[in-house]
Amino acid sequence: MKQDELKQKAALAALDYIPEDGVLGIGSGSTVNLFIAALATKAHLIDSTVASSVASFNLLKHYKIPVLDFNQVASIDVYIDGADEINPLFQMIKGGGGCLLREKILATAAKKFVCIVDGSKMVTALGAFPLAIEVLPMAQSYVARELVKLGGLPVLRDGFISDNHNVILDVHHLPLHEPIALEEKLAGIPGILGTGLFAKRPADSVLLATTEGLQFKERT
């Protein structure tokens, strides 16, 4: 089974998590795009959504799904998003699409975080995928030097500006054996606005589509 077919299976399964009379948070990325397309068939059941990126906002609008600014809602009942890597503790690396800061805000605010992925994203240990870090442009060089001190190899995502008008450093080789400690350390570096390391706020549920079938996993 092709990867796109697996993504589609995970996306369709996520329809069961639409909250009744609540706010649905929507992430970003290829699997989420499939989810949004499927969501169009359930638009009449949706009270409101909040999007983590301009691209997702526009796609929701395209399918005539009600979407609000985050400041217009009191809370998010369910947040659905993908991942670039996810470990058995449901900690993740996200940010391949560059929307990591907004994604983390919505995930942290959500009562329930559902991650939808194909089997290639499940790993025993995080770190093969580079860690995206959103940085204030004026602090780019300083932050890069601090990341080198931590053992990382930061690479500027050339020609890319985030939805928040910041730059992205993709950092290779950071030691990720203690994800929560590293996330906290990175948060303490001035100039870093957000990281794609979702360790302090892991997913609550994972819909994992593999060639053997669809697996529903809950964090204990």
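The coordinates are above.
Residues numbered from 1 in each chain as written. Predicted model: local features only at pLDDT ≥ 70, side-chain atom pairs only at ≥ 80, totals over all residues. Heavy atoms only, no water.

### Thoughts on the overall build of the chain
Here comes step 1: Counting secondary structure elements, the chain contains 6 helices and 14 strands.
Here comes step 2: Its C-alpha atoms give the chain a radius of gyration of 17 Å, near enough to 17 Å, the size a compact globule of 220 residues would have.
Here comes step 3: Taking the principal axes of the C-alpha coordinates as reference, the chain spans close to 50 × 40 × 30 Å.
Here comes step 4: Within the chain, the proportion of its 220 residues that are buried is 52%.
Here comes step 5: Accessible surface for the chain amounts to roughly 10300 Å². Of this, 55% is attributable to carbon and sulfur atoms. (Helix = DSSP H or I, 4+ residues; strand = E, 2+ residues; numbered from the N terminus. Rg over C-alpha atoms; globule rule 2.2 N^0.38 Å. Buried < 20%, exposed > 50% of the residue type's maximum accessible area, 1.4 Å probe, protein only. Areas by Shrake-Rupley, 256 points an atom, 1.4 Å probe, with all protein chains shown as cover.)

### Some remarks on a nonpolar patch on the surface
Here comes step 1: There is a patch of nonpolar side chains on the surface, built from Leu136, Met138 and Leu193 and spanning about 310 Å² of accessible area.
Here comes step 2: Considering the arrangement of structural elements, one finds Met138 in the loop between strand E8 (131–135) and helix H5 (140–149). (Patch = residues over 30% accessible without salt bridge, like charges linked within 9 Å, V, L, I, M, F, W, Y side chains within 5 Å. Salt bridge = Lys/Arg side-chain N within 4 Å of Asp/Glu carboxyl O.)

### Points about the nonpolar core
Here comes step 1: In terms of nonpolar packing, the biggest core is built from 26 residues, with Ile26, Phe35, Leu39, Leu60, Ile80 and Ile116 touching the most fellow members.
Here comes step 2: For this core, the elements supplying multiple residues, two or more each, are helix H1 (3–13), strand E1 (23–26), helix H2 (30–39), strand E4 (76–81), strand E7 (110–118) and strand E13 (205–210).
Here comes step 3: Here this core takes 5 residues from H2, the largest share from any one element.
Here comes step 4: Excluding its chain neighbours within four sequence positions, the residues that come into contact with Leu39 are Leu15, Ile18, Leu24, Ile26, Ile46, Leu60 and Ile65. (Core = buried A, V, L, I, M, F, W, Y, C linked by side-chain atoms within 4.5 Å. Contact = heavy atoms within 4.5 Å.)

### Observations concerning the pattern of salt bridges
Here comes step 1: Summed over the entire model, instances satisfying the criterion amount to 11 salt bridges.
Here comes step 2: Note that Lys149 and Glu146 form a salt bridge whose closest N and O atoms lie 3.0 Å from each other. Taken together, the residues Lys149 and Glu146, both in helix H5 and 3 residues apart, mark about one turn of the helix.
Here comes step 3: Connected via shared salt-bridge partners are Asp81, Lys94 and Glu103.

### Things to note about helix H6 (residues 179–187)
Here comes step 1: Taken as a whole, H6 has its buried residues at Pro179, Leu182, Glu183 and Leu186. Buried residues of H6 fall within an arc of 100 degrees about the axis and therefore sit on the same side.
Here comes step 2: In this fold, the buried residues of H6 make contact with helix H4 (100–109), E8, H5, strand E11 (192–195) and strand E12 (197–198). (Arc of directions from axis to C-beta.)

### Regarding unusual backbone geometry
Here comes step 1: Unusually for a residue other than glycine, Asp21 sits at a positive phi of about 55 degrees.
Here comes step 2: Mapped onto the secondary structure, Asp21 falls in the loop between H1 and E1.
Here comes step 3: Since its relative accessible area comes to 74%, Asp21 is described here as exposed.
Here comes step 4: Positive phi outside glycine occurs at Lys64, with the angle close to 60 degrees.
Here comes step 5: Mapping Lys64 onto the fold places it in the loop between helix H3 (54–62) and strand E3 (67–68).
Here comes step 6: Residue class for Lys64 comes out exposed when judged on its relative accessible area of 72%.

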